[in-house]
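Here are the chains, one letter per residue:
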Amino acid sequence: MHLDPFELHRPESVDATVALASELAGRFDYLAGGTDLLPNYKMHINLRPHLIALDRVSELGGHSLERIGATERLADLEADEAFLAAYPVLADAIGEVATPLVRASGTVGGNLLVETRCFFFNQSYFWRASLGFCLKADGDKCHVVPQKERCYATFSGDLAPALMALGAEVEVAGSAGRRRFPVAQLYDAGGDGIHRTLLAPGELVVAVHLPPSSRGLRGRYKKLRVRPSYDFPELGVAVAGRWEDEGPVESLRLAVGGAETYPRRFDELTDPLAGATLTDDRVRALAAEVTQRVRPVHNTFLLPDYRRRMVDVYVRRAIAEARGGRAG
Ligand SMILES: Cc1cc2nc3c(=O)[nH]c(=O)nc-3n(C[C@H](O)[C@H](O)[C@H](O)COP(=O)(O)OP(=O)(O)OC[C@H]3O[C@@H](n4cnc5c(N)ncnc54)[C@H](O)[C@@H]3O)c2cc1C
Ligand code: SF4
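Residues numbered from 1 in each chain as written. Chains lettered and ligands numbered in written order. Predicted model: local features only at pLDDT ≥ 70, side-chain atom pairs only at ≥ 80, totals over all residues. Heavy atoms only, no water.

Here we take up helix α11 (residues 280–293). Side chains three or four residues apart in an α-helix point the same way, a direct result of the helix having 3.6 residues per turn. End to end, α11 covers 20 Å across 14 residues, agreeing with the expected 20 Å (1.5 Å per residue, within 8%). Turning to α11, its buried residues are Val283, Leu286, Ala287, Val290 and Thr291. All buried residues of α11 lie within an arc of 135 degrees about the axis, which places them on one face of the element. (Helix = DSSP H or I, 4+ residues; strand = E, 2+ residues; numbered from the N terminus. Expected span 1.5 Å × (residues − 1). Buried < 20%, exposed > 50% of the residue type's maximum accessible area, 1.4 Å probe, protein only. Arc of directions from axis to C-beta.)

Before going further, it helps to examine the sheet that holds strand β7 (residues 204–209). Across the sheet, which stays open at both edges, the 4 strands sit in the order β4-β7-β5-β6 with antiparallel pairing between neighbours. The two strands at the open ends of the sheet, each matched to only one other strand, are β4 (67–69) and β6 (177–182). Strand-to-strand twist of the sheet, defined as the mean angle between neighbouring strand axes without regard to direction, takes the value 25 degrees. The sheet contact formed by β4 and β7 spans 3 bridges and is antiparallel. Note on β7: the bridge partner recorded for glycine 69 is alanine 207. (Pairing = 2+ DSSP bridges. Axes fitted to C-alpha atoms, helices over the stretch in contact; angles between N-to-C directions.)

So, about the pattern of salt bridges. For the structure shown, the criterion picks out 27 salt bridges. Across the salt bridge formed by arginine 178 and glutamate 171, the nearest N and O atoms sit 2.9 Å from each other. Accessibility expressed as a relative area gives 41% for arginine 178, which makes it partly exposed. Looking at glutamate 171, the relative accessible area reads 13%, which means it is buried. One salt-bridge network, in which partners are shared between bridges, spans Asp92, Arg220, Lys222 and Glu321. (Salt bridge = Lys/Arg side-chain N within 4 Å of Asp/Glu carboxyl O.)

Positioned with a positive phi, alanine 98 is a non-glycine residue whose angle comes to about 45 degrees. With phi around 75 degrees, aspartate 138 is a residue other than glycine that occupies positive phi space.

Here it is, written out as structure tokens:
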């Protein structure tokens, strides 16, 4: 496998990046760490003739307890003990992404916008050609759910569920200016499954903002994967909240990724728990309700029925560990 030639651009400010994106509309990809994009390019998936590298845009880097720049590398967050202690759910998720080598290059923005995955898609050009390609790249039909309208590839980023559970916001810049909105509203739940976010064409992720109320929340991220040292999630469950050991719940948020085309948060199930004590019975009922709602399809290594049944286990496990005990 080889990389086809492309033209590399290296702007030095957010404004210059956005202006270049307008000029190259539809003919470029942003390049951060490249750990997701370049392997896909090597497999000749959705190639563009131009890449806009983000490494020289200083505003996109750095992190504090309130803000993470889009090009901040996962390894930089992992090395900051105060940061990890402030956000246990994020600490879990960062440590579960790929391998230390990948985390040394992979960025937070790239992780939020990581390409969705499917075993009919993450294949060489020749492999895909032998099947007549598929809707997501070069073809017009889906092999997983046979039809021609929607792709069901799986969202496989680890950070999104954790950031959603923390109530984080994403700041983006585009030709219409800057805007900021919850990470929970970044992904397109009702779309075609190919254009995976609600970003406008060419919009650049500038940073992630963590609200002060999310600091010090109890939390856990539990990830199901085939090889624990390496693999993408087959399921990821993030919980974050505030409650006393035997006291009422002040806040609780739960998000699931790695199971469907987009990660999602289940506020309709956790909001009613505010003011209640988090008993084993309530946790079991919550886990059962989340399991009812999550619907994986057969496009990753593990069978959908198994992944779905593991939702129940991982929700109970995540909450139990956030409480400091064993799953009830
Ligand atoms: C062997 C291997 C294992 C992996 N395992 C995991 C895993 O377990 N969990 C996981 O979450 N990921 C995994 N990944 C995927 C990837 O390494 C990480 O998600 C990483 O954080 C992606 O960041 P990046 O900077 O390399 O993204 P890139 O590859 O540079 O970009 C990814 C996508 O985001 C877009 N993009 C990047 N930055 C911006 C921005 N600021 N604004 C707008 N668009 C942007 C790019 O155009 C591209 O479409 C794995 C990758 C490999 C190679
Ligand atoms: S879910 Fe269907 S359209 Fe999407 S990548 Fe897989 S085979 Fe292609």
